[in-house]
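Coordinates in review
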Amino acid sequence: MYATYCKNKPRSENFLSTTDVSFLAQCQRDINHVLDLRSYLLKPVQRIMKYHLILEKLLKYAPSRNAKRRDELQEALEIMERVPRYANDIIHLMGLEGYNGDFESLGQLLLQENFQVYINGQRKPTPRQIFMFQFAILFSKPAPPKAYSRKVSVQAPKYSYKSHMLLTQVGITRFLAEDANNVQFQIKVFKKEGQ
């Protein structure tokens, strides 16, 4: 539910930016609220980011003699660390334009990240936003910053679909690098005969 709310946040921002909000402002004055609707719509997004901090403190001060309660708190903490990350991945996925397939057929979205990609032996890397699903990897090109609207305060990132690979048709080779932060790997596509 939270991921859906976050996914739609740019739409609500866009609505408020393009709509005559005088009625909403009048309602705000009538009920004597300091915050406007935009601020209230942002609260759930801000709040969900703090839940893991509360759970960490509860876990820290939970009595060690109650192992069952500690296990439950640990499980809740792990979930609340994943939820914001998943919502962020979904927001990025919603910015993907030009893919005509069905996302559900690709399985669960496992991660999205920006990579430097060497295509067919290029000397210079190309920036690509990668969406890794259970059954496929989608490659997209990040849109230039000028493609973003200045009116909307919360803007979903934009990407242009480039290609995809089914995981049943790829092999991955990891290269050991001297720098542990510079992980490199090669993805090769093994096409079936007749393709």
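For the structure itself, consult the block above.
Here the structure is a predicted model, which means the values were calculated and not measured. (Residues numbered from 1 in each chain as written. Predicted model: local features only at pLDDT ≥ 70, side-chain atom pairs only at ≥ 80, totals over all residues. Heavy atoms only, no water.)

1. A word on the pairing of strand S5 (residues 159–166)
Counted only if it meets this: In this scheme, strands are said to pair when DSSP sees at least two bridges between them. Only DSSP runs of H or I covering at least 4 residues are called helices, and only runs of E covering at least 2 are called strands; the numbering of each starts at the N terminus.
Where strand S1 (residues 96–97) lies against S5, two bridges are found, and the strand directions are parallel. If you follow Leu96 over to S5, its bridge partner there is Tyr159. Note that strand S4 (residues 136–142) and S5 share seven bridges and pair antiparallel. When the sheet's bridge partners are listed, Ser140 is paired in S5 with Tyr161.

2. Considerations on the environment of Leu109
As a reminder of what qualifies: Accessibility here uses a 1.4 Å probe with only protein chains present; expressed as a share of the type maximum, an area under 20% marks a residue as buried, one over 50% as exposed, and anything in between as partly exposed. Whether two residues are in contact is decided by their heavy atoms: any pair within 4.5 Å suffices.
Counting through the fold element by element, Leu109 comes out in strand S2 (residues 109–117). A residue is classified by how much of its surface remains accessible, and Leu109, at 5% relative accessible area, is buried. Sequence-wise, Leu109 and Phe133 are 24 residues apart; in three dimensions their C-alpha atoms are separated by 4.4 Å. Residues in contact with Leu109, not counting those within four places in the same chain, are Tyr86, Asp89, Ile90, Leu93, Phe131, Met132 and Phe133.

3. Quick notes on the pattern of salt bridges
Our working rule: We define a salt bridge as a contact between a side-chain nitrogen of Lys or Arg and a carboxyl oxygen of Asp or Glu at a distance within 4 Å.
Evaluation of the coordinates by the stated rule reveals two salt bridges. Here Glu72 ties to Lys68 by a salt bridge, and the two come within 3.6 Å at their closest N and O atoms. One end of the pair is Glu72 and the other is Lys68, both in helix H5 (residues 67–94) and four residues apart, which spans about a single turn. Overall, Lys68 belongs to the exposed group, its relative accessible area being 61%. Taken together, the salt bridges that share partners define one network made up of Lys68, Arg69 and Glu72.

4. Thoughts on the environment of Ala87
Along the chain, the position of Ala87 falls in helix H5. Take Ala87: its relative accessible area is 1%, and that puts it in the buried class. On a C-alpha basis, the gap between Ala87 and Thr4 in space is 7.6 Å, while along the polypeptide they are 83 residues apart.

5. Quick look at unusual backbone geometry
Residue Asn32 is not a glycine yet carries a positive backbone phi of 60°. Within the fold, Asn32 resides in the loop between helix H2 (22–30) and helix H3 (37–48). Given a relative accessible area of 68%, Asn32 falls into the exposed group.

6. What to know about the sheet that holds strand S3 (residues 126–133)
Rules: Axes here mean lines fitted to C-alpha atoms, for a helix over just the part in contact, with angles spanning 0 to 180 degrees between N-to-C directions.
Read from one edge of the open sheet, five strands run S1-S5-S4-S3-S2, paired in mixed fashion. Each having just a single partner strand, S1 and S2 make up the two edges of the open sheet. Packed onto the sheet, H5 meets S1, S2, S3 and S5 and runs at close to 60° relative to S2.

7. Some thoughts on a negative patch on the surface
What counts is decided by this rule: Exposure above 30% relative accessible area and the lack of any salt bridge qualify a residue for a patch; like charges then connect within 9 Å, and the nonpolar side chains Val, Leu, Ile, Met, Phe, Trp and Tyr within 5 Å. Note on areas: Shrake-Rupley, 1.4 Å probe, and residue coverage restricted to the protein chains presented here. Counting rule for charge: Lys and Arg are taken as positive, Asp and Glu as negative, and neither His nor the chain ends is counted. For charged residues, the charge sits on one atom: NZ in Lys, CZ in Arg, CG in Asp, CD in Glu.
On the surface, Glu56, Asp71, Glu75, Glu78 and Glu81 cluster together into a patch of negative charge. Relative to the helices and strands, Glu56 is located in helix H4 (residues 51–61).

8. Let's talk about H5
Rules: To estimate how far a helix should reach, multiply one less than its number of residues by 1.5 Å.
Taking 1.5 Å per residue, 28 residues should reach 40 Å; H5 reaches 41 Å between its end C-alpha atoms and fits that length. Within H5, burial applies to Leu73, Leu77, Met80, Pro84, Ala87, Asp89, Ile90, Ile91, His92 and Leu93.

9. So, the packing of H4 against H5
Test applied: With respect to orientation, any angle under 35 degrees is reported as roughly parallel, any angle over 145 as roughly antiparallel, any angle of 65 to 115 as roughly perpendicular, and every other angle as oblique. Handedness of a crossing is defined here by the sense of rotation of the near helix relative to the far one, left-handed for an anticlockwise turn of less than a right angle and right-handed for a clockwise turn.
As a packed pair, H4 and H5 sit with axes 9 Å apart at the nearest point and diverge in direction by 160°. In this view, H4 runs roughly antiparallel relative to H5, as classed from their interaxial angle. Regarding H4 and H5, the two cross each other, and that crossing is left-handed. Across from Tyr51, His52, Leu55, Glu56, Leu58 and Leu59 in H4, the residues of H5 making contact are Arg70, Leu73, Gln74, Ala76, Leu77, Met80 and Glu81.

10. Quick look at a nonpolar patch on the surface
A surface patch of nonpolar side chains, about 370 Å² in accessible area, is lined by Val34, Leu35, Leu37 and Tyr40. For Leu35, the location among the structural elements is in the loop between H2 and H3. The partly exposed category is assigned to Leu35, whose relative accessible area is 32%.

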